[in-house]
Amino acid sequence: MVIQLTGMDGGKVDLPPEAVQAFRGAFSGAVLAPGDEGYEEARRIWNGMIDRRPGLIARCTGTADAAQAVRFARRHGLLLSVRGGGHNIAGLAVCEGGLMIDLSAMRGVWVDPAARLARAQAGCTLGDLDRETQAHGLATVLGFVSATGIAGLTVGGGFGYLTRRHGWTCDNVASMEVVTADGEIRQVSAGSHPDLFWALRGGGGNFGLVTSFEYRLFPVGPEILGGALAWRGEDARQALEAYRTFSAAAPRELTCVAALRIAPPAPWLPKEQHGKLVALIFICHTGRIEEGEALLTALRRVGNPIADTVTRRPYTQMQSLLDATQPKGRRYYWKSHYLPGIGPELINLAVDHAGRLVSPHSAFFLFHLQGALNELPAGHSPAGNRDAAYVLNIASAWERPEDDAANIQWARDCFEATRASSTGGAYVNFLTEEEGADRIEAAYGRSILDRLAAIKRTHDPDDLFRHTKRISG
Ligand SMILES: Cc1cc2nc3c(=O)[nH]c(=O)nc-3n(C[C@H](O)[C@H](O)[C@H](O)COP(=O)(O)OP(=O)(O)OC[C@H]3O[C@@H](n4cnc5c(N)ncnc54)[C@H](O)[C@@H]3O)c2cc1C
């Protein structure tokens, strides 16, 4: 029976059964079609709002599978999407009706402690990579939730607790193995295909499919000083004021993240506060523990903290502290800005909008970035935005489809209200499904976008890798 898939242009492509059979026969991993065991689980990603059904899912076991799948898509003109960790808010990993190349079974990591380098396959989660590098007391810059995929995070930029010290994740990539749109497997670095190497460090998945990344590593932990401080909602303004001054003066070893949200029923928060607004400051100090303790004294004296879990703990534990708040399958919608700093007006707006939260799972987050990334030249990597000091993420999260409109509106209102505090830039990895050309231009700026578009024309003239935040020009 002929199998019908969606083509690159959105039309239908009839695949003769022999073509699919030959593909399956030469493929090492599983090729799943609707109805096959495992298909439903494989198409589901972190954001429960995304409900697309690929025509085929190719679950790769290695680079050879990935290259074969790219060639198959190209030969038949199929719509193609690439899944790493499946955490992209816009659901870029899953295409409707086309071929989804799923790398999530490719999770090998090899660490060279002497060279301070790690090679990680593109299906790794942040937790996979941290676990292996921390066995040697090393780490690279990764994000705050351990189930996130390294691939999407890295090709879109990537920031976390080590960003103040070492810049974007993509600034710390030494080389990559890439399957390009022609189906070739290329070793890409500053000395080999430098244009591709540059573009894939922040320009998103527009230029090829990365099968592995080589990261530069730094000594970290393995024990660090970390945890969270909490204040009642009534003290949110005071807590954010303290966050502003404390973070701005902090050395680069200290990164803090502020959050306003409804207190979950977590054992570390007082029972009487559950279900009420709280202000939280997450702390990660990767310098000497005693120095971190000394720095924290001032913050611990602000108002009356109702919880304090900051203690000596494994870095890997710190890297997964937020995991439980971001479960797979919930409905999510985000809006975000880069900020040059935190002004009094932003604090007023934060407190005001936190007072109008419509879901107990939503949060207003401020992540501190300032440091190493600001010191590199604007065009060092497309992740750019080297004027950013903080990221504001307005993160709506809820359970039921009937609550979509109210939760989306809350995030949009807060986004519009805080627009005047923004650098005007945007983080491509935080863009939602409907955010298009104007926000992509905000993410890169015109000159980086033009350079990316030229590289796209060279390496993917037919726009095979189009299920992305698209680069055009
Ligand atoms: C709970 C949560 C927490 C987060 N925290 C952070 C954070 O702290 N810091 C931060 O910087 N970001 C953070 N993010 C954003 C994150 O960086 C992006 O969502 C990123 O896209 C996730 O990568 P993934 O591999 O899981 O994505 P996927 O959804 O699997 O892929 C997204 C897209 O990335 C591209 N892509 C994926 N794999 C490849 C590949 N192998 N080769 C080429 N392109 C590829 C493709 O375009 C793909 O469609 C967070 C996201 C979530 C959901």
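Residues numbered from 1 in each chain as written. Predicted model: local features only at pLDDT ≥ 70, side-chain atom pairs only at ≥ 80, totals over all residues. Heavy atoms only, no water.

S.K.: It is not clear to me how the site of the ligand should be interpreted in this structure. Could you clarify?
M.R.: Taken together, 34 residues lie around the ligand, and G84, G86, F144, V210 and Y427 are the ones closest in. The contact in question runs from an oxygen atom of the ligand to an N or O atom on the backbone of F144, over 2.9 Å. Take L153: an N or O atom from its main chain is 3.3 Å from an oxygen atom of the ligand. When the ligand is considered free in solution it has 950 Å² of accessible area, and contact with the protein chains removes 97% of it. Taken atom by atom, the bulk of the ligand overlaps the largest cavity. At the level of secondary structure, the elements contributing two or more residues to the shell around the ligand comprise strand 5 (80-83), helix 5 (150-156) and strand 12 (209-216). (Near = heavy atom within 4 Å. Polar contact = N/O pair within 3.5 Å; in protein donor to acceptor, adjacent residues only side chain to side chain. Areas by Shrake-Rupley, 256 points an atom, 1.4 Å probe, with all protein chains shown as cover. 1 Å grid on protein atoms, 1.4 Å probe; cavity = no way out; pocket = protein on both sides within 12 Å on 5 of 7 lines; lining within 4 Å. Sits in = over half its atoms within 2 Å of the grid points. Helix = DSSP H or I, 4+ residues; strand = E, 2+ residues; numbered from the N terminus.)

S.K.: How do you make sense of unusual backbone geometry when you look at a structure like this?
M.R.: Trans peptide bonds make up most of the peptide bonds, and negative phi angles are found at most residues other than glycine. Of note, the bond from G221 into P222 is cis; its omega dihedral lies within 30 degrees of zero at 5°. In this structure, R116 is a non-glycine residue whose phi angle is positive, near 50°. Position of R116 among the secondary structure elements: in the loop between strand 7 (109-112) and strand 8 (117-121). Look at H193: it is not a glycine, yet its phi comes out positive at around 55°.

S.K.: What's the story with the layout of surface pockets in this structure? I'm lost.
M.R.: Gaps between atoms show up when a probe of the same size as a water molecule is rolled over them. Reported here for the largest pocket is a volume of approximately 390 Å³. Residue lining of the largest pocket: 23 residues in total, with P264, A266, W268, L321 and T325 positioned closest to the centre. Of all the elements in the fold, those that place two or more residues in the lining of the largest pocket are strand 15 (254-262) and strand 16 (277-285). Considering every element that reaches the lining of the largest pocket, the biggest residue donor is strand 15, with 3 residues. Considering only residue class, the lining of the largest pocket consists of 16 nonpolar, 4 polar and 3 charged. Computed from the structure, the second largest pocket encloses a volume of approximately 220 Å³. (Points joined across faces, edges and corners; volume = space filled by probe spheres on them. Nonpolar A, V, L, I, M, F, W, Y, C, P; charged D, E, K, R; others polar.)

S.K.: Help me understand the nonpolar core in this model?
M.R.: Generally speaking, nonpolar side chains in soluble globular proteins are found buried as a group. Grouped together as the largest cluster of nonpolar side chains are 68 residues, with contacts concentrated most on L99, I101, I150, F213 and Y444. Element by element, the count of residues in this core is highest for helix 3 (residues 63-76), at 6 residues. When residues of this core are sorted by domain, at least three fall in each of domain 1 (3-102) and domain 2 (109-219). The residues touching F213, leaving out its near neighbours within four places in the chain, are A118, R119, A120, A122, I150, A151, T154, V155, S175 and M176. Counting 45 residues, the second largest nonpolar core, distinct from the first, contains W231, L240, Y390 and W398. (Core = buried A, V, L, I, M, F, W, Y, C linked by side-chain atoms within 4.5 Å. Buried < 20%, exposed > 50% of the residue type's maximum accessible area, 1.4 Å probe, protein only. Domains from an automatic or database assignment. Contact = heavy atoms within 4.5 Å.)

S.K.: Just checking my understanding: could you explain empty space enclosed by the protein for this structure?
M.R.: Going through the model one piece at a time under the given rule, you end up with 3 cavities of 30 Å³ or more. A volume near 920 Å³ is recorded for the largest cavity. Around the largest cavity sit 49 residues that line it, and H87, N88, G152, L153 and N429 are the ones nearest its centre. Contributions of two or more residues to the lining of the largest cavity are made by strand 5, helix 5, strand 12 and strand 20 (363-368). A per-element tally of the lining of the largest cavity places helix 5 first, with 5 residues. Of the volumes computed, that of the second largest cavity is approximately 50 Å³. Within the lining of the second largest cavity, the residues separate by chemical class into 8 nonpolar, 4 polar and no charged.

S.K.: In this structure, what is going on with the packing of helix 1 (residues 17-26) against helix 3? I would like to understand it.
M.R.: Think of two packed helices as two axes; the pair is described by the angle between the axes and how far apart they sit. The geometry of helix 1 relative to helix 3 is characterised by a closest axis approach of 11 Å and an angle of 165° between their N-to-C directions. Here helix 1 is positioned roughly antiparallel relative to helix 3, judged by the angle of their axes. Pair helix 1 / helix 3 crosses with right-handed handedness. Contacts between helix 1 and helix 3 involve A19, F23 and A26 from the first element and Q68, A69, F72 and H76 from the second. Looking at the contact of helix 1 with helix 3 residue by residue, the classes come out as 5 nonpolar, 2 polar and no charged. (Axes fitted to C-alpha atoms, helices over the stretch in contact; angles between N-to-C directions. Parallel < 35°, antiparallel > 145°, perpendicular 65-115°, else oblique. Left-handed = near helix turned anticlockwise from the far one by under 90°.)

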